[in-house]
Amino acid sequence: MCGIVGILGRAPVAPQLVDSLKRLEYRGYDSAGVATLDGGRIVRRRAEGKLRNLEASLDASPLDGAVGIGHTRWATHGAPTEANAHPHATDRVAVVHNGIIENFRELRAELEAEGATFQSQTDTEVVAHLASRELAAGASPRAAVQATLKRLRGAFALAFLFAGEDDLIIGARRGSPLAIGHGQGENYLGSDAIALAPFTDSVTYLEDGDWVALTRNAVEIFDESGATVVRAGVRASAAAIVVDKGNYRHFMAKEIAEQPEVVGHTLARFIDMSAGRIRLPEGADVDFAKLDRLAISACGTAFYAGLVARYWFEKFARLPVDIDIASEFRYREPPLSPGGLALLISQSGETADTLATLRHCRAQGMRIGAVVNVPTSTIAREADLVFPTVAGVEVGVASTKAFTCQLAVLAALAIKAGRDRGVLSVEDETKLVSALVELPRLMAEALRLEPEIEKLATTFAKAQDVLYLGRGTSFPIALEGALKLKEISYIHAEGYAAGELKHGPIALVDESVPVVVLAPFDPLFEKTASNMQEVAARGGKIVLFTDAEGAAHAGDAFAVLTLPTAYAFVSPMLYALPIQLLAYHTATFMGTDVDQPRNLAKSVTVE
Ligand code: F6R
């Protein structure tokens, strides 16, 4: 995952930039680079591979300059070559970037039509050219950045360095994290407090949509509208530097907020962004055309990711899926085809039941694929094919970001299966892939519902029972919503397929029971809306999560929360966010131990 650093110092900063980049190595990268100002001119050194290659280049040809930006790149658009390494620059401005610029193709075509020459295949380079065009037209650096940000679609963090501006770095955050480090007559920017640790423990985290102009003696933060804002500073303690909570109260809150970024990084492992097609990671290619069936197994939240995937594999690839929770799978003694594929899903890669299922399937002669977050785990090591989620360390016991990353991987695999089996055309693939590419931005938008959700938490905290309803792929998300609420708030909650309600659970409904309905305005909406009416008629308090069109057809609801309109296929990843926030705020309101709820362990290594 890309790392960003920026330094306004008093001596040559290139060695400090490299020192800081070393601390970002843990995020994973495949090339690196720095840019400084030498006599007001932008100068750069970049290198493929590890930081020692960049250091060798700097030893051979040192960079002067007391202001600079640096970057570790984890390739998304274009191979990890020197030409694609950041910073990207024109003679006026240099840029480093973390995240995805969704509309880079249109922007590049526009800029090339005006005569701009591109040196790389990256999405980032359009940012340098856009800012450069503004500067050439006479805009100040701040105005140039503001105009550039308005043109960008996607989830990202950026840092800009300007020719002739020895006392200025501008940073911007939309979806991906960025922190300011405060020094004495020096100031810094970094992807996290770990990058800033060599220089300062006084840190301010930018909020989504913020941008910042840094000089050596001043820090000015602006929100998306350009209004000056004040963001609280924190002391990043040495302990926090290891696994950093940032300015969040709980790891779970931080992990919920990180999802646009980590889902983007995960997707980048499975998508050739330049071509807009699925590309599986090296060593994990699979030909789904050769399969008759697919077996999926997992526990808890990971199992619910598998349930969503069943809809996708069956719809997009016409591939029948056998799925069961891992603690039951082998006791069912399902007939398994030797040479068939078993897909295990696990955040920790150590869950005992999932591991036992893996070994059971292996003993039956199956190939093993693992969607797994911890690359060194037993499940990752024992699998034939590893499909990595790039969620980073998940500390909160209640799984959040690992879940949406699992869904992102499974979505990519289902599209690949659809192509392999001739069900999806190239055009279908491109359409579904572009829906996935847009997802991090939509997730960032969905997270803005947090203040509304926080208000609802007071109602939920008083409830004894809560029901969650959904149809189609929203059904497993309803199950996940109920699990999240149960595990961290200890309130009894159940998820049901919306159509199943009248076959029993509706007996529970009265004025004291909140009923959470997950219903994007898709072809199933009308049927779910009828089930909502059945609940409303019995006095149930409906809390509807939907999109703008659904909100217009909401009928009698206690509360309607409007998510961004999205392609139906990606809605499970989007609707997972508000139900996580609802559980989180209900639990914090009740004062439970959110990150370590009673009786639960992060990694369940006993059967
Ligand atoms: C729920 C949760 C658990 C895990 C389950 C599987 O929030 O975290 O249900 O999903 O224990 O764990 P992994 O994915 O590590 O195999």
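Just above sits the structure.
In this text the structure is predicted, and so the values were computed from the model without any measurement. (Residues numbered from 1 in each chain as written. Predicted model: local features only at pLDDT ≥ 70, side-chain atom pairs only at ≥ 80, totals over all residues. Heavy atoms only, no water.)

Ranked by size, the top nonpolar core spans 103 residues in total, and within it Trp312, Phe313, Phe387, Tyr468, Phe545 and Phe569 carry the most contacts. Both of domain 2 (257-446) and domain 3 (447-590) provide at least three residues apiece to this core. Ignoring any residue separated from it by four or fewer positions in sequence, one finds Phe569 in contact with Trp312, Phe316, Ala411, Ile415, Leu432, Ala435 and Leu436. Counting 27 residues, the second largest nonpolar core, distinct from the first, contains Ala128, Leu135, Leu168 and Phe222. (Core = buried A, V, L, I, M, F, W, Y, C linked by side-chain atoms within 4.5 Å. Buried < 20%, exposed > 50% of the residue type's maximum accessible area, 1.4 Å probe, protein only. Domains from an automatic or database assignment. Contact = heavy atoms within 4.5 Å.)

In this section: the pairing of strand S13 (residues 219-222). As paired strands, strand S12 (residues 211-214) and S13 are joined by four bridges and run antiparallel to one another. Bridged to Val212 within S13 is Ile221. What sits between the antiparallel neighbours S12 and S13 is a turn of four residues. As defined by bridge partners, S13 adjoins strand S14 (residues 228-229) across two bridges and the pair is classed as antiparallel. Paired with Phe222 across the two strands is Thr228, which belongs to S14. Hairpin connection, S13 to S14: the antiparallel pair is bridged by five residues, and Gly226 has positive phi, about 95°. (Pairing = 2+ DSSP bridges. Helix = DSSP H or I, 4+ residues; strand = E, 2+ residues; numbered from the N terminus.)

Our focus in this paragraph is the packing of aromatic side chains. Tallying each qualifying case throughout the model produces eight aromatic pairs. Seen in terms of ring centroids, Phe303 and Tyr304 are 5.9 Å apart; in terms of plane orientation they differ by 50°. Their pairing is tilted. Residue classification places Phe303 among the buried positions, given a relative accessible area of 13%. On the numbers, 5.0 Å between centres and 50° between planes, the contact of Phe521 with Phe525 is tilted. Using a relative accessible area of 32% as the deciding quantity, one classes Phe521 as partly exposed. The exposure class assigned to Phe525 is buried, which follows from its relative accessible area of 4%. Three or more aromatic residues joined by ring pairs make a cluster, and in this case those are Trp312, Phe316 and Phe569. The residue whose ring lies beneath Lys541 is Phe558, and the NZ or CZ to ring-centre distance is 5.6 Å. (Phe/Tyr/Trp six-rings, centres within 6.5 Å; stacked < 30°, edge-to-face > 60°. Lys NZ or Arg CZ within 6 Å of the ring centre and 35° of its normal.)

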